[in-house]
Amino acid sequence: MGKGFFISKVVAVVCVVVAISAVATIIALSVVYAQEKSKNQETPTTATTAGPGTQTTTPSTPKEPWQRYRLPDSLSPISYNVTLWPRLTPNTDGLYIFSGYSTVLFTCVKETDLILIHSNKLNFTMFDGYHAQLKAVDGASAPQLKKSWLEVPTQYLVIQLSSPLQAGSTYELFTEFVGELADDLGGFYRSEYDEDGVILATTQMQPTDARKAFPCFDEPAMKAVFHMTLIHPHGTVALSNSMNYEPINITTPDGLNLIQTSFGPTEIMSTYLLAFVVCDFGFIQSDLGANVLIRIWARKKAIEEGQGAYALEKTGPILSFFEKYYKIPYPLKKSDQIALPDFSAGAMENWGLITYRETALLYNPAVSSNGDKEWVATVISHELAHMWFGNLVTTKWWNDLWLNEGFATYVSYLGANYAEPDWNMSDLIVLNEIIGVMAVDALASSHPLSSKEADVMRPEDINALFDSITYSKHFIDMHQSKSFIICLQTYLEEFKYKNTVYQDLWKNLQTVMDNAGIQLPHSVEVIMNRWILQMGFPVVTIDTKTGKISQKHFLLNPDSVVDVPSEFNYEWFVPITWIKTGAAKDQYWLLTKEDMTTGDGDWLIANIDMKGFYRVNYDSENWDRILTKLSTQHQDIPVINRAQIIDDAFNLARAKIVSTTLALSTTRFLNTELEYMPWQTATRNLDYFVLMFDRSEVYGPMQGYINKKVTPLFKHFEELTANWTKIPEKYNQVNALSWGCSTGVDGCKELTTAWFKEWMDNPDNNKISPNLRTTVYCSAIAEGGAVEWDFAWKMYKSATIASEAEKLLYALSCTKQPWLLNRYLEYCLDPTMIRKQDATFTINYIAGNPIGQPLAWDFIRANWAHIFNDYGGGSMSFGRLISGVTKRFSSEFEYKQLLQFKEDNINQLGSAASSFEQALERTKANMDWVALNKELVFDWFTIMFTQDVKRC
């Protein structure tokens, strides 16, 4: 999937790759995807049942098969024939429902007198007192049904038989059912748009919600062929994974005239990839005669405005790129991509019908920013990458989710780079993926990429895996390795339409390398196990005086206790690259090398372009040489490594490995830096200082120091843009404007408020550059009051372009008026005001405001039960919510509040349980860091600010 992080717009390892020097490079990718795409969906605990039977509570140690969360291996599905009829108007009880019937054809693999098939929140028609009908195929006789019931805790329809099914025989199970077409963003659900309340029906099955649409063997290894039929009103269109047959008109027994659309059989695939939509959307499509029919679907107004044109333009080239990269043709006849008004993730890779948030598929050059465009291209590429890696070849179980998502995150940059070669996507990988995920993986409460199957059983366990670790921790610099590409191609060819475990990829790569005569210090599996079976990563320490290189498990809080043992003792096989005085050196595995010694004045930097997933520390003399080089000729250091130096230093300081003043000193050269990556990395790290100190006396001199650093950048863009009248396509202008206004650079606030006032005077003509709108809106609303806020709210509610609405949604959180923030929080639990898919982000936006943070914390504590129960079906990422609202916590009082809240809601944490542990760990680390550094930081900023003022 894509942005769940949204991501929060939902990390994964892919493969060790040997370049020409026979080394494996390791890194991390895609936190934005993790945010956008992560889908920490909560599992319902109740359901309505029909007819006789019992509902039992699953004991802690299950004794019966139906009390276990995993299906037995006695049955294997072959195909499903499913007909569904969603009602797009409420019934007499005010409920939206769907009805349907399904026949699943399955083989008995092992003799059994029990049928377990997943079902959740479905009400069944009873047949002679049973929930289903069973018959044998090919003239054989089927056993009689003995008893049936719905096992709610494990989400099964349980059928006990009077005699066993015979191994090798084939049977059909027929069910008829009704479900609610809820607005919970999971399974078969409804979405609403326009002021007139137009309703559409759509799906989100991953990971465990196909069972909410129809009874099915809802596990990834239970692949089958699906024959879908949808019944829908005139004026609507039905879509599914396959091409449809000619729709026919039908009349129901009660006289309703409807359309029935049936679809061709799918390829053999997992239930979580199934999708179907009933809507009144419009579309644009690729040229007739193309090998693959590409269609972009969206609201008719969005299509008429050309918002789908960019997606259509880029989908074809990206699809062609992957066909060549994988050396396997795209297996389907069509690729539909649809933008949905309500969607919990960023996107979902349903085979042949990819579903997206509107912000991830639609683009309007008049309103959307460069960042919006980059997001669309990257998400499309991510989902298309899944058509092979994930769909054609699927992991056996969710514990290896990282293999699907991590690989897709990595190659999404390759596909996007092919479609947009001028964007230099390899640099953006570092910012978007590596740096962000390292912050999470440096916690003692992190988790390994791969878990044991036995540790991932319940739906909430599965949902918890959709995080930044799973999406963004990967191995990179792989596509240039011929060995890796051959490995990948042969792996996909060998396992197409099948399921795999991660060892299959390692074995395949080992064979390729052995055939090529490539030597490694250990086997592929031995090397890779250290990266996927233990959490975290190392800090590599280089003493340039002695040449000694060492490694240690890097923990952001060195006092935290790692209570998860590792058979590898938290040591890794680390490939080291470095440059010395500007000259690149050979790559080695982590060994002591004499070449590491330097002469007087020589500087050394390791981990070139951050292609390795580790942090680097040096002896104090080398740090001094690096700081001197930054202050005198920073261009001699590659731009990615300038960003790396800043990020490593700040994180090493938080871990008490280097001094905080050393970390702060890596920012002193920024008044001469114009490149985006160093500035953006400094921004992210200084944001931590803002979070810790924006309520203390440190804030004043800190703002003064940053003001002096950003003023030259602001003046640079002021000159480059002819006093901001010509806006270039450069990311760093946003940093110049954002820091300029927040730190009081002369003329900045006046500029943004004037632009916003001009828009207020003429709402139909917004002249603010799309690239600057987020910053301008936020700055103007922060400086304004209720009038500005109400205007922005009105513009948000009337916005027809999702990316514009998202900018306003964020900017509304920037107000300094507590009563407006409280009102905004209340809107978050009213779907008519703020869509459920956006509620998490909005609360977190408000928590990002120092005035709004305590308000947001009080709000979620007061409303947790409502949030958990009413927003628990996939629309909220609870982990993201806890992380966002508590990120400022740095006092004993706040720590105790968080701990008490966790204890009070111990039975209503769901997939957020691990996030509470991470929040507690983070808060403890913040407390220690502030106590240790507050006075020191205050003095440093005061001295540096005074020196800068004197120079001026």
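Residues numbered from 1 in each chain as written. Predicted model: local features only at pLDDT ≥ 70, side-chain atom pairs only at ≥ 80, totals over all residues. Heavy atoms only, no water.

A. Region of interest: the overall build of the protein. If you tally the helices and strands in the protein, you get 28 helices and 32 strands. In the protein, which comprises 952 residues, the share counted as buried stands at 62%. Of the roughly 34,600 Å² of accessible surface on the protein, 50% is carried by carbon and sulfur atoms. (Helix = DSSP H or I, 4+ residues; strand = E, 2+ residues; numbered from the N terminus. Buried < 20%, exposed > 50% of the residue type's maximum accessible area, 1.4 Å probe, protein only. Areas by Shrake-Rupley, 256 points an atom, 1.4 Å probe, with all protein chains shown as cover.)

B. Highlighting the side chain of His 382. With respect to the helices and strands, His 382 occurs in helix H5 (residues 370–386). A distance of 3.1 Å separates a polar atom in the side chain of His 382 from a polar atom in the side chain of Glu 405. (Polar contact = N/O pair within 3.5 Å; in protein donor to acceptor, adjacent residues only side chain to side chain.)

C. Examining the sheet that holds strand S7 (residues 145–151) more closely. Strand order in the open sheet formed by 3 strands is S4-S8-S7, with antiparallel pairing between adjacent strands. Each edge of the sheet is formed by a strand with only one pairing partner; in this case those strands are strand S4 (112–118) and S7. Neighbour-to-neighbour, the strand axes of the sheet open up by a mean angle of 20°, direction not taken into account. (Pairing = 2+ DSSP bridges. Axes fitted to C-alpha atoms, helices over the stretch in contact; angles between N-to-C directions.)

D. Structural context of the state of the cysteines. Overall, the coordinates contain 2 disulfides when judged by the stated rule. Between the sulfur atoms of Cys 741 and its disulfide partner Cys 748 the distance amounts to 2.1 Å. As the torsion about the S-S bond is roughly -85°, the Cys 741-Cys 748 disulfide counts as left-handed. Taken individually, Cys 741 and Cys 748 each receive the classification buried, so the pair is uniform in this respect. Disulfide pairing places Cys 778 opposite Cys 814 at an S-S distance of 2.0 Å. With the S-S bond torsion at -105°, the cross-link from Cys 778 to Cys 814 turns out left-handed. Taken together, the residues Cys 778 in helix H20 (residues 773–783) and Cys 814 in the loop between helix H22 (802–811) and helix H23 (818–827) connect sequence positions 36 residues apart. In this pair, the class of Cys 778 matches that of Cys 814, namely buried. (Disulfide = S-S within 2.5 Å.)

E. Fine view of the pattern of salt bridges. The full count for this structure, using the stated rule, is 37 salt bridges. Ionic pairing is found between Lys 135 and Glu 172, a salt bridge with its closest N-O pair at 3.7 Å. Residue Lys 135 is located in strand S6 (residues 133–136), and its partner Glu 172 is located in strand S9 (residues 170–180); the two are separated by 37 residues in the primary sequence. The salt bridge involving Arg 458 is made with Glu 460; its shortest N-O contact spans 3.2 Å. Residues joined in a network through salt bridges with shared partners are Arg 70, Glu 219, Lys 396 and Glu 453. (Salt bridge = Lys/Arg side-chain N within 4 Å of Asp/Glu carboxyl O.)

F. Inspection of the UniProt feature "active site" (unreviewed entry) in the protein at higher detail. Within this numbering scheme, the UniProt entry marks Glu 383 as carrying the feature "active site" (unreviewed entry). By secondary structure assignment, the location of Glu 383 is in helix H5. (UniProt positions renumbered as here; feature names shortened; annotations may be inferred.)

G. Summary view of the packing of helix H24 (residues 836–847) against helix H25 (residues 852–870). Where H24 contacts H25, the two axes come as close as 9 Å, and the packing angle between them is 155°. Considering their axes alone, H24 and H25 lie roughly antiparallel with respect to each other. The interaxial crossing formed by H24 with H25 has left-handed handedness. Between H24, through Lys 836, Ile 843, Ile 846 and Ala 847, and H25, the contact on the second element is made entirely by Gly 852, Gln 853, Ala 856, Phe 859, Ile 860 and Asp 870. Taken together, the residues of the contact of H24 with H25 break down into 6 nonpolar, 2 polar and 2 charged. (Parallel < 35°, antiparallel > 145°, perpendicular 65-115°, else oblique. Left-handed = near helix turned anticlockwise from the far one by under 90°. Contact = heavy atoms within 4.5 Å. Nonpolar A, V, L, I, M, F, W, Y, C, P; charged D, E, K, R; others polar.)

H. Fine view of unusual backbone geometry. The step from Gln 206 to Pro 207 runs through a cis peptide bond, and the omega angle for that step is 0°. Along the chain, the position of Pro 207 falls in the loop between strand S11 (198–204) and strand S12 (225–232). With a phi angle near 65°, Tyr 497 is a residue other than glycine that sits in the positive phi range. Exposure remark for Tyr 497: the relative accessible area of 27% places this residue in the partly exposed category. A positive phi angle, near 55°, is found at Ala 722, a position not held by glycine. The class for Ala 722 is partly exposed, based on a relative accessible area of 39%.

I. Inspection of the packing of aromatic side chains at higher detail. For the structure on display, the rule yields 64 aromatic pairs. Residues Tyr 502 and Trp 506 carry aromatic rings whose centres are separated by 6.2 Å and whose planes lie at 65° to one another, so their mutual orientation is edge-to-face. Highlighted residues: Tyr 502 and Trp 506, both in helix H11 (residues 502–516), separated by 4 residues, approximately one helical turn. Using a relative accessible area of 1% as the deciding quantity, one classes Trp 506 as buried. With a centroid separation of 6.0 Å and 45° between ring planes, the pair formed by Trp 531 and Trp 572 is classed as tilted. With Trp 531 in helix H12 (residues 524–532) and Trp 572 in the loop between strand S26 (549–553) and strand S27 (575–576), the pair connects residues that are 41 residues apart, well separated along the chain. In this structure, Trp 531 and Trp 572 share a single accessibility class: buried. Through successive ring pairs, a cluster of aromatic residues spans Phe 321, Phe 322, Tyr 325, Tyr 326, Tyr 330, Trp 388, Phe 389, Phe 407, Tyr 418, Tyr 491 and Phe 495. Directly above the aromatic system of Trp 397 lies the positively charged group of Arg 70, at a separation of 3.6 Å from the ring centroid. (Phe/Tyr/Trp six-rings, centres within 6.5 Å; stacked < 30°, edge-to-face > 60°. Lys NZ or Arg CZ within 6 Å of the ring centre and 35° of its normal.)

J. Summary view of the nonpolar core. Counting residues in each nonpolar core, the largest one holds 146 residues, and the members touching the most others are Phe 106, Tyr 326 and Trp 388. Looking at this core, the element that brings in the most residues is helix H6 (residues 401–419), giving 9 residues. Two domains each put at least three residues into this core: domain 1 (66–278) and domain 2 (281–482). Among residues more than four places away in sequence, those in contact with Tyr 326 are Ala 385, Trp 388, Phe 389, Phe 407, Val 411, Leu 488, Gln 489 and Leu 492. Counting 144 residues, the second largest nonpolar core, distinct from the first, contains Ile 435, Val 540, Ile 640 and Leu 751. (Core = buried A, V, L, I, M, F, W, Y, C linked by side-chain atoms within 4.5 Å. Domains from an automatic or database assignment.)

K. Expanded view of the sheet that holds strand S28 (residues 578–580). Taken together, the 3 strands give an open sheet; going across it, the order is S29-S28-S31, and neighbouring strands pair in antiparallel fashion. In the strand order of this sheet, the two ends are held by strand S29 (583–584) and strand S31 (604–606), each with one partner. As defined by bridge partners, S28 adjoins S31 across 3 bridges and the pair is classed as antiparallel. Within S31, the residue paired with Ile 579 across the bridge is Ile 605.

L. Just the packing of helix H21 (residues 786–798) against H22, in detail. The geometry of H21 relative to H22 is characterised by a closest axis approach of 9 Å and an angle of 150° between their N-to-C directions. What the angle tells us is that H21 and H22 run roughly antiparallel. Seen from above, H21 lies across H22 with left-handed handedness. Each of Ala 792, Met 795 and Tyr 796 in H21 lies in contact with H22, whose residues at this interface are Ala 805, Leu 808 and Leu 809. Here the contact of H21 with H22 is composed, by residue class, of 6 nonpolar, no polar and no charged.

M. Broad picture of helix H27 (residues 892–904). With 13 residues, H27 extends 18 Å between its outermost C-alpha atoms, agreeing within 8% with the 18 Å of an ideal straight helix rising 1.5 Å per residue. Listed in full, the buried residues belonging to H27 are Glu 894, Tyr 895, Gln 897, Leu 898, Phe 901 and Lys 902. Buried residues of H27 fall within an arc of 160° about the axis and therefore sit on the same side. For H27, exposure combined with an orientation more than 90 degrees from the buried face picks out Phe 893, Lys 896 and Asp 904. (Expected span 1.5 Å × (residues − 1). Arc of directions from axis to C-beta.)

N. Broad picture of the pairing of strand S21 (residues 353–357). With respect to burial, S21 is a largely interior element, 5 of its 5 residues being buried. Inspection of the sheet shows strand S19 (residues 334–340) paired to S21 by 5 bridges, in the parallel sense. For Leu 340, the partnering residue across the bridge sits in S21 and is Arg 357. When strand S20 (residues 347–348) meets S21, the two strands line up antiparallel, connected through 2 bridges. Its bridge partner being in S21, Met 348 is matched across the sheet by Thr 355. What sits between S20 and S21 in their antiparallel hairpin is a turn of 4 residues, with Gly 352 showing a positive phi close to 95°.

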